Amino acid sequence: MAGISLKGIRKVYPGDVVAVHDFNLEIEDKEFIILVGPSGCGKSTTLRMIAGLEEITDGELHIGERLVNDVAPKDRDIAMVFQNYALYPHMSVYKNMAFALKLRKESKAEIDRKVQEAAKILDIESLLQRKPKALSGGQRQRVALGRAMVRHPAVFLLDEPLSNLDAKLRTSMRMEISKLHKKLATTFVYVTHDQVEAMTMADRIVVMNDGYIQQVDTPQNLYDHPCNLFVAGFIGAPQMNFIDAVVEKTDAGYAARFGDTLLPLLPGKVDDSVIANYEGKEIIVGIRPEHMHAEEIYMDQATTAAIDVNVTLAELMGAEIYLYANWQGKDIIATIPPRNNPRTGEQFKLAIDCAKIHLFDKNSEQVISSNIDSTK
């Protein structure tokens, strides 16, 4: 088993196109780490450099104690699972899983033992004699995982392995991959554009954009303490609301004004010595939809701001309603209980929990304050 060290990794394509900039990351042995970000952010390129499928332009890549920049993919002790499964269509499931072991010239008995062991873990024992065309998408993905497992690699690399599956199957396969990681106790590096996959599976998440690492942290810390506007908007569904506001000093302390609404910046949540530098200046206030409540009567009036919004759409999601509304010319979204039953076109009262708002610098887009205490 092995950790992975990426030091100053860059990838430059012909035409001076930089896909990955100065990528620095230490991945612990047995860690499940996920690279997440929008299409074109460099996450798959980074994974392919770890695999040896892309040449590293600058920097050093270590797997375990070994520098592997110039080591061939087959000699890196890694196994990769692709988005399109990459199974041999003319081979049975058994032969697909056994193929790499045959190339290693392992004995028939050892190959059979490893294939049967992996098939049992993945619950595909009954599929071993079938061809890939006779399998569902989820079964093919299990076979692809099994083909990687039989090699007992130090590192598993998974490149958007669930993107071709339907929503229900993706949910079940997320659970299967998480259980597999715990069972195998091996380092997993996983790439996805789906932040739900990242939040539910990872020990740590690497958020990328435009070839740069934006933030590396645990799922909960990323959600509660995003370091900048991009991370705040990318992590969380529905997306965080962003409001341009001006910092004012009132008798009760500092507040953020949006239109005729004052959002109190609570003592102990915002450092006065920091926010004082923004007095009279515009900042960006971030409010997650779940921190805009329909029943302000139950809220502590000292820590909330009641607002009136005009409902533009209410989507019933079963356990909650996604409330799309307009607040003083700004489109926002809140998640509220279905019993509230708001109607399109009507005015609706919401309360913003000011203990849970985030503040960002208007120019740099870096965080000023993330007013979240995840223990409460």
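Before going into details, it helps to say that this report is about the structure given with it. Fair warning: this is a prediction, and the values are worked out from it, not measured in the lab.

Examining a positive patch on the surface
In step 1: A contiguous patch of positive charge on the surface is contributed by K95, K102, K108, K131 and K133.
In step 2: With respect to the helices and strands, the residue K108 is situated in helix α3 (residues 108–122).
In step 3: Look at K108 and you get exposed, because its relative accessible area is 76%.

A look at the packing of helix α4 (residues 137–149) against helix α5 (residues 167–184)
In step 1: The geometry of α4 relative to α5 is characterised by a closest axis approach of 11 Å and an angle of 15 degrees between their N-to-C directions. Viewed along their axes, α4 and α5 adopt a mutual orientation that is roughly parallel. Seen along the crossing, α4 lies across α5 with a hand that is right-handed. Within the contact between the two elements, α4 uses G137, G138, Q141, R142, L145 and M149 and α5 uses L169, M173, E176, I177, L180 and L184.
In step 2: When its residues are assigned to classes, the contact of α4 with α5 shows seven nonpolar, three polar and two charged.

Overview of the environment of M201
In step 1: Within the secondary structure layout, M201 lies in helix α6 (residues 195–201).
In step 2: According to the relative accessible area criterion, M201 is buried, its value standing at 7%.
In step 3: Taking the C-alpha atoms as reference, M201 lies 25 Å from L87; in sequence the two are 114 residues apart.
In step 4: Other than its neighbours up to four places away in sequence, M201 contacts F32, I34, R174, I177, S178 and Y190.

Regarding the packing of helix α2 (residues 93–103) against α3
In step 1: The interhelical angle for the contact between α2 and α3, taken along N-to-C directions, is 135 degrees, at an axis separation of 10 Å. The angle between α2 and α3 places the two elements in the oblique class. Considering the relative orientation of α2 and α3, their crossing is right-handed. Contact with α2, carried on its side by Y94, M97, A98, L101 and K102, involves I111, D112, K114, V115, Q116, A118 and A119 of α3 and no other residues of that element.
In step 2: Looking at side-chain class alone, the contact of α2 with α3 contains eight nonpolar, one polar and three charged residues.

Details of α3
In step 1: Between its first and last C-alpha, α3 extends 21 Å over 15 residues, near the 21 Å set by a 1.5 Å rise per residue.
In step 2: The set of residues buried in α3 consists of I111, K114, V115, A118, A119 and L122. Relative to the axis of α3, the buried residues are bounded by an arc of 130 degrees and lie together on one face. Structural note: α3 exposes A109 and K120 on the side pointing more than 90 degrees away from its buried face.
In step 3: Packed against the buried residues of α3 are α2, α4 and α5.
In step 4: Of the residues flanking the end of α3, it is D123, one or two places downstream, whose phi is positive at about 60 degrees.

Observations concerning α5
In step 1: Taking 1.5 Å per residue, 18 residues should reach 26 Å; α5 reaches 26 Å between its end C-alpha atoms and fits that length.
In step 2: On its buried face, α5 is in contact with β3 (32–36), α3, α4, β7 (155–159), β8 (187–192) and α6.
In step 3: The opening residue of α5, the one whose side-chain oxygen lies 3.2 Å from the backbone nitrogen of K168, is D166.
In step 4: Of the residues one or two after α5, A185 is the one with positive phi, at around 50 degrees.

Some words on the sheet that holds strand β4 (residues 58–63)
Backbone hydrogen bonds are what pair the strands of a sheet, in a parallel or an antiparallel way.
In step 1: Here four strands make up an open sheet; going across it, the order is β2-β1-β4-β5 and the pairing antiparallel. One side of each edge strand has no neighbouring strand; the edge strands of this open sheet are β2 (17–27) and β5 (66–67).
In step 2: Pairing between strand β1 (residues 4–13) and β2: seven bridges, direction antiparallel. The residue bridging S5 from the neighbouring strand is E26, located in β2.

Conventions adopted
- In this numbering scheme, every chain counts its residues from 1 along its sequence in written order.
- Local features in a predicted model are, by the rule used here, given only for residues with pLDDT of at least 70; side-chain atom pairs are given and counted only at 80 or more, and totals for whole chains, interfaces and linings are based on all residues.
- The side-chain numbers reported here are obtained from all heavy atoms of the structure, hydrogens and water having been left aside.
- Residues forming no salt bridge and having over 30% relative accessible area are the ones grouped into patches, like charges within 9 Å of each other and nonpolar side chains (Val, Leu, Ile, Met, Phe, Trp, Tyr) within 5 Å.
- Areas reported as accessible are Shrake-Rupley estimates using a 1.4 Å probe. Residue values count occlusion only from the protein chains shown.
- The rule for a salt bridge is simple: a side-chain nitrogen of Lys or Arg has to be within 4 Å of a carboxyl oxygen of Asp or Glu.
- Charge assignment in this entry is limited to Lys and Arg as positive and Asp and Glu as negative, and neither His nor the chain termini are counted.
- Where a charge sits is defined by one atom per residue type, namely NZ (Lys), CZ (Arg), CG (Asp) or CD (Glu).
- Elements are defined by DSSP. Helices are runs of H or I of four residues or more, strands are runs of E of two residues or more, and each kind is numbered from the N terminus.
- Throughout this description, buried means an accessible area under 20% of the type-specific maximum (1.4 Å probe, protein chains only), exposed means over 50%, and partly exposed covers the range between.
- In this description, a line fitted to the C-alpha atoms serves as the axis of each element, helices being fitted only across the stretch in contact, and the angle between N-to-C directions of two axes falls anywhere from 0 to 180 degrees.
- Our angle categories are set so that under 35 degrees counts as roughly parallel, over 145 as roughly antiparallel, 65 to 115 as roughly perpendicular, and the remainder as oblique.
- Two helices that cross are described as forming a left-handed crossing if the nearer one is turned anticlockwise from the farther one by less than a right angle, and a right-handed crossing if clockwise.
- Residue contacts are defined here by distance: any two heavy atoms, one from each residue, within 4.5 Å place the two residues in contact.
- Following the grouping adopted for this structure description, the nonpolar residues are Ala, Val, Leu, Ile, Met, Phe, Trp, Tyr, Cys and Pro, the charged ones are Asp, Glu, Lys and Arg, and the polar ones are all others, Gly among them.
- Take the number of residues in a helix, subtract one, and multiply by 1.5 Å to get its expected span.
- Comment: arc refers to directions from the helix axis out to C-beta atoms.
- The term polar contact refers here to a pair of N or O atoms within 3.5 Å; inside protein, the definition further demands a hydrogen-donor-capable atom paired with an acceptor-capable atom, and it admits residues adjacent in sequence only when both atoms are side-chain atoms.
- Each pair of strands is called paired provided DSSP finds at least two bridges between the two strands.

Don't take any of this as a statement about function, it's just geometry.
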